[in-house]
Amino acid sequence: RFAMVLQGGKSVYDTDLFEPQITQIRSLAGIGTDKISERSVRIIADHVRAATFLASDGLIPSNVEAGYVMRRLIRRAVAHGHLLGIEGYFISGLSETVVDGFQEAYPNLTQTHSVIHQILEDEEKKFGHVLKRGLSELEKYFFQQSQNTIFANEALSFQIGEIFRAEIGRGTVSIGTTSPLARL
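Student: Explain the packing of helix α2 (residues 19-29) against helix α5 (residues 91-102) to me, please; I cannot follow it from the model alone.
Tutor: It is the contact of α2 with α5, at a shortest axis distance of 9 Å, that shows an interaxial angle of 155°. Classified by the angle between their axes, α2 and α5 sit roughly antiparallel to one another. When the axes of α2 and α5 are compared, the crossing they make is right-handed. Each of Pro 20, Gln 21, Gln 24, Ile 25 and Leu 28 in α2 lies in contact with α5, whose residues at this interface are Gly 93, Leu 94, Thr 97 and Val 98. When its residues are assigned to classes, the contact of α2 with α5 shows five nonpolar, four polar and no charged.

Written out as structure tokens, the structure reads:
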């Protein structure tokens, strides 16, 4: 926050601490600075920075404790990258930008650079496979449902705001959010 004030930014993301990552993310996604995509860009920048520092401290993504937090950070960044249309693996590349920006203040980043790269790349690949398989299953499910959907007054037959649960073989997936209309 101190850097934000000194550099006249409106948020910490408007400082030289985040600018290189944000520029690289926008370039990868082929986007500008619109409000809709800016949230995803900031999430990716923040989460990759955090995951880079965690990996440099020797943490490995897992299903327990701090490793689980790291896994969630990486996977959320990947998911937001997918929303922005970034194709391929990009997290380990962004981590190199983080290392370049912070190596003077944190020399450990340079010493553990290859380990950081490998940890982040491995987790991104694992999640990439999970995401691809999950989206494929959802696509199949929605295609099957669209064959049975009845249209009334040019609207789909399910109610807005209702949580829609679909059994797709590997468990239950919840889809949907509560609509402001449902609160009336």
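Once you've had a look at it, read on.
Student: Which parts of the structure should I look at to understand the nonpolar core?
Tutor: One recurring pattern in soluble globular proteins: nonpolar side chains tend to sit buried together. Formed by 27 residues in total, the largest nonpolar core has its most connected members in Ile 25, Ile 44, Val 48, Leu 84, Ile 91 and Leu 120. For this core, the leading source of residues is helix α3 (residues 35-56), giving six residues. When neighbours within four sequence positions are excluded, Leu 120 is seen to be in contact with Ala 51, Thr 52, Met 70, Ile 74, Ile 91, Ser 92 and Ser 95.

Student: I would appreciate a short explanation of α5 in the present structure.
Tutor: Because the α-helix completes a turn every 3.6 residues, residues three or four places apart line up on one side. The end-to-end C-alpha separation of α5 is 17 Å, in line with the 16 Å expected for 12 residues at 1.5 Å each. Taken together, the buried positions of α5 are occupied by Ile 91, Ser 92, Leu 94, Ser 95, Thr 97, Val 98, Val 99 and Phe 102.

Student: What exactly am I supposed to notice about the packing of α3 against helix α4 (residues 65-83) here?
Tutor: In contact at an axis separation of 8 Å, α3 and α4 are set at 150° when each is read in the N-to-C sense. Classified by the angle between their axes, α3 and α4 sit roughly antiparallel to one another. Of the two elements, α3 crosses α4, and the hand of that crossing is left-handed. Contact residues: α3 offers Arg 39, Ser 40, Ile 43, Ile 44, His 47, Val 48, Ala 50, Ala 51, Leu 54 and Ala 55, while α4 offers Met 70, Leu 73, Ile 74, Arg 76, Ala 77, His 80, Gly 81 and Leu 83. Grouping the amino acids of the contact of α3 with α4 by side-chain chemistry returns 12 nonpolar, four polar and two charged.

What counts as what
Residues numbered from 1 in each chain as written. Predicted model: local features only at pLDDT ≥ 70, side-chain atom pairs only at ≥ 80, totals over all residues. Heavy atoms only, no water. Axes fitted to C-alpha atoms, helices over the stretch in contact; angles between N-to-C directions. Helix = DSSP H or I, 4+ residues; strand = E, 2+ residues; numbered from the N terminus. Parallel < 35°, antiparallel > 145°, perpendicular 65-115°, else oblique. Left-handed = near helix turned anticlockwise from the far one by under 90°. Contact = heavy atoms within 4.5 Å. Nonpolar A, V, L, I, M, F, W, Y, C, P; charged D, E, K, R; others polar. Core = buried A, V, L, I, M, F, W, Y, C linked by side-chain atoms within 4.5 Å. Buried < 20%, exposed > 50% of the residue type's maximum accessible area, 1.4 Å probe, protein only. Expected span 1.5 Å × (residues − 1).

By themselves, these observations are geometric and do not establish any function.
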